[in-house]
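# Close look at the chain arrangement
These are the residues of each chain, in order.
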Amino acid sequence: MSQQGIRKFGLLGETLGHSFSKSHFEEKFKAEEINASFENIELPDAEAVEKWLKAAPTEFTGVSVTIPYKETVIPFLDELSPEAKAIGAVNCIHFKDGKSIGHNTDAFGFGQSIKPFLRNIHERALLLGTGGASKAVAYTLENLGITVAHLSRTPKEDQMIFGYDQANDLMVKSFPMIVNCTPLGTSPNVEEMPAFPIELVGEDHFVVDLIYNPSETLFLKLARESGADTLNGLSMLKQQAVKAWGIWNS
């Protein structure tokens, strides 16, 4: 990569038709007259990811990583930041001195986005899903002193991971914060939602959906109609993009 030429950035994922990152960074480059480009890099499987990452340091400055590769990329990277290592998920890669360095900016982005909504009663959080995004969310919440449990299709109760069929009225009441970390409900599949009894939430609940397209998922709509405070994933995405830009320019 020639530093005198155009710097290349991108987003690594499987299906990126509804990506926020490309338009966000292209607008930024234009507004700030930055000589850079941003491209969506759609790869079909882990083998393709490994092959792409081997060639990337000579061509790219940095990429964001999205579903389903936030954990997949880890073995293919040269280094991990302490935070990425602690979380076990990477959503930002910096290519520097021929090396690929994995970072996690989801944790920062999520922490910044929920700050205005947190109340003293939100001391227990139930996360739907156990993938890379949920790991960053759990890391952030635990650092805030909030107790975390998960719902998953593969329960492991000794690790505070319960089955969706266990989400009864008592459980929902005991977790005033609910976070959807699954992609269910993302456009165009807007009628989908996790198998969670969202009608059981009430005005003391704070319900977050990491999805930003649509701006209000069916999950959030039903939570709002039940009286809960709601938040989508757009502010988290904007905050983590700012953090990623700082890393790529360090």
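Criteria and thresholds
- Residues numbered from 1 in each chain as written.
- Predicted model: local features only at pLDDT ≥ 70, side-chain atom pairs only at ≥ 80, totals over all residues.
- Heavy atoms only, no water.
- Helix = DSSP H or I, 4+ residues; strand = E, 2+ residues; numbered from the N terminus.
- Buried < 20%, exposed > 50% of the residue type's maximum accessible area, 1.4 Å probe, protein only.
- Contact = heavy atoms within 4.5 Å.
- Pairing = 2+ DSSP bridges.
- Axes fitted to C-alpha atoms, helices over the stretch in contact; angles between N-to-C directions.
- Patch = residues over 30% accessible without salt bridge, like charges linked within 9 Å, V, L, I, M, F, W, Y side chains within 5 Å.
- Areas by Shrake-Rupley, 256 points an atom, 1.4 Å probe, with all protein chains shown as cover.
- Salt bridge = Lys/Arg side-chain N within 4 Å of Asp/Glu carboxyl O.
- Lys, Arg positive; Asp, Glu negative; His and termini not counted.
- Charge placed at Lys NZ, Arg CZ, Asp CG, Glu CD.
- Phe/Tyr/Trp six-rings, centres within 6.5 Å; stacked < 30°, edge-to-face > 60°.
- Lys NZ or Arg CZ within 6 Å of the ring centre and 35° of its normal.
- Expected span 1.5 Å × (residues − 1).
- Arc of directions from axis to C-beta.

### Regarding the side chain of serine 64
Locating serine 64 in the fold gives a position in strand S3 (residues 62-65). Judged by relative accessible area, which is 4%, serine 64 ranks as buried. The contact partners of serine 64, leaving out residues within four places of it in the chain, are Gly10, Leu11, Leu12, Asn91, Cys92 and Trp248.

### A look at the sheet that holds strand S11 (residues 206-209)
Through backbone hydrogen bonds, the strands of a sheet pair up, either in parallel or in antiparallel fashion. With respect to topology, six strands assemble into an open sheet ordered S9-S8-S7-S10-S11-S12, the strand pairing being parallel. The open sheet has two edge strands with one neighbour each: strand S9 (161-163) and strand S12 (229-231). Neighbour-to-neighbour, the strand axes of this sheet turn through a mean angle of 20°, independent of strand direction. Relative to strand S8 (residues 147-152), strand S7 (residues 124-128) runs parallel, the two being bridged by five bridges. The residue of S8 that forms the bridge with alanine 125 is valine 148.

### Points about a negative patch on the surface
On the surface, a cluster of negative charge is contributed by Glu14, Glu42, Asp45 and Glu47. With respect to the element layout, glutamate 47 can be found in helix H2 (residues 46-55).

### Observations concerning the packing of aromatic side chains
Across all of its chains, the model carries 13 aromatic pairs by this definition. Between phenylalanine 20 and tyrosine 212 the ring centres are 6.1 Å apart and the planes differ by 70°, which places this aromatic pair in the edge-to-face class. Highlighted residues: phenylalanine 20 in the loop between strand S1 (7-13) and helix H1 (21-31) and tyrosine 212 in the loop between S11 and helix H7 (218-225), separated in sequence by 192 residues. The class for tyrosine 212 is partly exposed, based on a relative accessible area of 25%. On the basis of an interplanar angle of 10° and a centroid distance of 5.1 Å, the ring pair of phenylalanine 25 and phenylalanine 38 is categorised as stacked. With phenylalanine 25 in helix H1 and phenylalanine 38 in strand S2 (residues 36-42), this pair connects stretches of sequence that are 13 residues apart. On the accessibility criterion, phenylalanine 25 (1% relative accessible area) is buried. Joined through ring pairs, the aromatic side chains of Phe9, Phe25, Phe29, Phe38, Trp245 and Trp248 make up one cluster. Over the ring of phenylalanine 175 we find arginine 124; its NZ or CZ atom is 4.3 Å from the centre of that ring.

### Description of helix H8 (residues 234-248)
Between its first and last C-alpha, H8 extends 21 Å over 15 residues, near the 21 Å set by a 1.5 Å rise per residue. Met236, Leu237, Gln240, Ala241, Ala244, Trp245, Ile247 and Trp248 are the residues of H8 that are buried. Along the axis of H8, the buried positions cluster into a sector of 170°, meaning they face one direction only.

### Section: the pattern of salt bridges
If you walk through the whole model with that rule in mind, you get twelve salt bridges. Glutamate 59 is the salt-bridge partner of lysine 8, the closest N and O atoms lying 2.4 Å from each other. Of this pair, lysine 8 sits in strand S1 while glutamate 59 sits in the loop between H2 and S3; the two residues are 51 residues apart in sequence, bridging distant segments of the chain. The exposure class assigned to lysine 8 is buried, which follows from its relative accessible area of 17%. Note on glutamate 59: relative accessible area 38%, which makes it partly exposed. The partner of lysine 22 in a salt bridge is glutamate 26, with the nearest N and O atoms 2.8 Å apart. Of this pair, lysine 22 and glutamate 26 both sit in helix H1, four residues apart, which is roughly one turn of that helix. Given the relative accessible area of 37%, glutamate 26 is considered partly exposed. Bridged by salt links that share partners, the residues Lys8, Glu39 and Glu59 form one connected network.

### A few points about helix H4 (residues 106-114)
Buried residues dominate H4, accounting for seven of its nine residues. Tucked into the core, H4 has its buried residues touching helix H3 (82-87), helix H5 (132-143), strand S10 (177-180), S11, S12 and H8.

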